[in-house]
Amino acid sequence: MIELFKGINKIEYEGPDSTNPLAFKYYNAEKLVAGRKMKDHLRFAMSYWHTMTGGGQDPFGNATMQRPYNGLEGLELSKARVDAAFELMSKLGIEYFCFHDLDIAPEGNSLKEKFDNLDIVVEVIEEKMKETGIKCLWGTTNAFSHPRFMHGAATSPNADVFAFAAAQVKKAMEITHRLGGVNYVFWGGREGYETLLNTDMETELDNMARFLSMAYDYKQKIGFKGQLLIEPKPKEPTKHQYDYDAMNVIGFLRKYNLQDKFKLNIEANHATLAGHTFQHELAVARINGMLGSIDANQGDMLLGWDTDQFPTNIYDAVLAMYEVLKNDGLTPGGLNFDAKVRRGSYQPDDLFIAYIVGMDTFAKGLLVAEKLISDGVLEDFVSNRYRSYSSGIGREITDGTTDFEKLAAYAMEHDQIHNESGRQEMLEDIVNRYIYRS
Ligand code: XUL
Ligand code: CO
C-alpha cells in the first residue's frame, strides 16, 4: 500500500498530560467504561463528504485543501480518495464511515453512467473494508447538489425528479446493503420551500411520506436490515426545511404512520440552527424511542448557518453523552463527524488534529457523563423534584383516576401553594465539578 498521508503515524493514546497534537489525550479505544469499551460506546465514523470530497470552497473562494489526490480527476480521483479514506481511518482508529452516493463516484453523463461508476468504486471500497475491518455506519443519497433538484427531490413539483430521486435512493440503498451498512440516512437537502406563493405544501408533504414509505418497502424487499434514519434540519439550503427538528419529524412520521419504520439522526449544528440545544434534540428523540444516531459537530454561536465545525465544546459533549448513556447507547447508530476543518486549516495534519480533538472531546464527555449517571447526582435531583406525582393527588393524576371536578375540589382545600427552588446554578456547579475532576 502506498502511504498517502506521509509523516503521520498511527495515532496513539498518550493520556491527558500529553502535549503531542497527534496523540489522543482521552480517547483510549479499549478502555472499559461502564462495562463497555470506549470505542463501542462512541462508534466514531468518518464523513466521506467533508473529509475526502470537500475542498474548502466557500461562496467567496475556491478550494484550499492540500490533499494527496489533488490534480486527479474522474474515477482515478475517486479511487485515490478511497485509499486516502481508509489510510486516514486506520491511522485514527476510526472503525466506521458514512457516505453519499455522490461522494464516492463521479456523477457521469447519465443515470446509467452514474450507477456504473458507483459499482466500480464500491468494489474498491469493499476490498479496503475487507483489508482493514472498517465498516459502514450509513449510506445516503445526495439528492440536493445537482441542478435537477432545484425545486426539491421527493417534494419537487416535477414527478420526473421524484422518480430520479427514487432511482438514486434505490441504488444507494443497494450499495449500503452490499457494504454491510448498519443504517441508511435521509437528509432532506432540498425538501422544503422558499415561498408559499408557488408551493403546495400539503402535496409536497404527502409526496415525501409516499417516498419514504416506498423506500421502506424496498428495504424490506431486498432484505436490508439497516435502520432507516431521518436527519432533521430547520433551514439551509431551503428557507424552511420540512424536517425542521426532532419533534416536527416525529409528528410527521406519526401522521403518515411511519413512526415504527424510521428513527432520527440528530446533528448538533442542526439543533442549534433550530433554536434548540443539542441535548434538547437528543432528549426529544430519546424519550420518543427514536434516537438512532448522531452527527457530531458544532456551530458557531455568532454565525447563523451550518458551519459544521469539529466538536470541541466539552460541556455540550458531556450532555450529549449523558443522553446517549440514558438511551443505553446508540447501536446500530454511532457518532459521525459531520464536520470539516476551517478553510485556512488546509494541511493534511490539520485534518488528523481535528478528528483527534473531536474524538477526545467525546471521550472525555463519555467519562464525565458516566460519572454523573453512576453517582446519580442529576437524576436523583430530578426524580425528587417530581415526587409530588408518586402519592396523593399527583398519583391520581398519573394513574388517570381523577378529573377536573375532583382536582378543583382538591385545589379549593390546598390553595396556599409552596414551590421549591429549581437550583439551576447548584446543578451547573455540579456539572462543572464533574468536568474538572472526571
Ligand atoms: C447537511 C448534512 C448532511 C447529512 C447527510 O447539513 O448534515 O451532510 O448529514 O446528507
Ligand atoms: Co449531517
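To be clear, the structure that these remarks concern was listed above.
Here is what the cut-offs are and how they apply
Residues numbered from 1 in each chain as written. Chains lettered and ligands numbered in written order. Predicted model: local features only at pLDDT ≥ 70, side-chain atom pairs only at ≥ 80, totals over all residues. Heavy atoms only, no water. Donors = N, O, S within 2.8 Å, 3.2 Å for Na, K, Ca; no water. Helix = DSSP H or I, 4+ residues; strand = E, 2+ residues; numbered from the N terminus. Buried < 20%, exposed > 50% of the residue type's maximum accessible area, 1.4 Å probe, protein only. Core = buried A, V, L, I, M, F, W, Y, C linked by side-chain atoms within 4.5 Å. Contact = heavy atoms within 4.5 Å. Near = heavy atom within 4 Å. Polar contact = N/O pair within 3.5 Å; in protein donor to acceptor, adjacent residues only side chain to side chain. Areas by Shrake-Rupley, 256 points an atom, 1.4 Å probe, with all protein chains shown as cover. Nonpolar A, V, L, I, M, F, W, Y, C, P; charged D, E, K, R; others polar. Pairing = 2+ DSSP bridges. Axes fitted to C-alpha atoms, helices over the stretch in contact; angles between N-to-C directions.

Asker: Describe the coordination of the cobalt ion (ligand 2), and please don't skip the residues or the numbers.
Answerer: For the cobalt ion (ligand 2), the protein coordination sphere consists of Glu231 (OE), Glu267 (OE), Asp295 (OD) and Asp338 (OD), at 1.9 to 2.1 Å. Each donor residue of the cobalt ion (ligand 2) lies on the same chain, and together they follow the pattern E-x35-E-x27-D-x42-D. In this pair, Glu231 is assigned in the loop between β10 (227–230) and β11 (240–241) and Glu267 in strand β12 (residues 262–267), connecting sequence segments 36 residues apart. Owing to a relative accessible area of 4%, Glu231 belongs among the buried residues under this scheme.

Asker: Tell me what's going on with the nonpolar core, and back it up with residues and numbers.
Answerer: In terms of nonpolar packing, the biggest core is built from 123 residues, with Leu42, Met46, Tyr48, Phe97, Phe186, Tyr355 and Phe362 touching the most fellow members. Top contributing element to this core by residue count: helix α12 (residues 348–375), with 13 residues. Excluding residues that lie within four positions of it along the chain, Met46 makes contacts with Thr51, Met52, Ala85, Leu88, Met89, Ile94, Tyr96, Phe97, Cys98, Asn336 and Tyr355.

Asker: An account of the site of ligand 1 is requested, with residue identities and associated values reported.
Answerer: Around ligand 1 sit Trp49, His100, Trp138, Trp187, Glu231, Lys233, Glu267, His270, Asp295, Asp306 and Asp338, and those are all the residues in its vicinity. Side-chain polar atom of Trp49 to an oxygen atom of ligand 1: 3.2 Å apart, as the coordinates give it. Here Asp338 contributes a side-chain N or O atom positioned 2.7 Å from an oxygen atom of ligand 1. About the coverage of ligand 1: the protein hides 94% of its 290 Å² of free accessible area. Taken together, the residues of the shell around ligand 1 sort by class into three nonpolar, two polar and six charged.

Asker: An account of the sheet that holds strand β14 (residues 335–337) is needed here, citing residue identities and associated values.
Answerer: Ordered by their spatial adjacency, eight strands build a closed barrel running β5-β6-β7-β8-β10-β12-β13-β14, and the pairing between neighbours is parallel. Within this sheet the neighbouring strands show an average axis-to-axis angle of 30°, counted without direction. Sitting on the sheet, helix α8 (residues 246–255) touches β10 and β12, and the angle it makes with β12 is about 165°.

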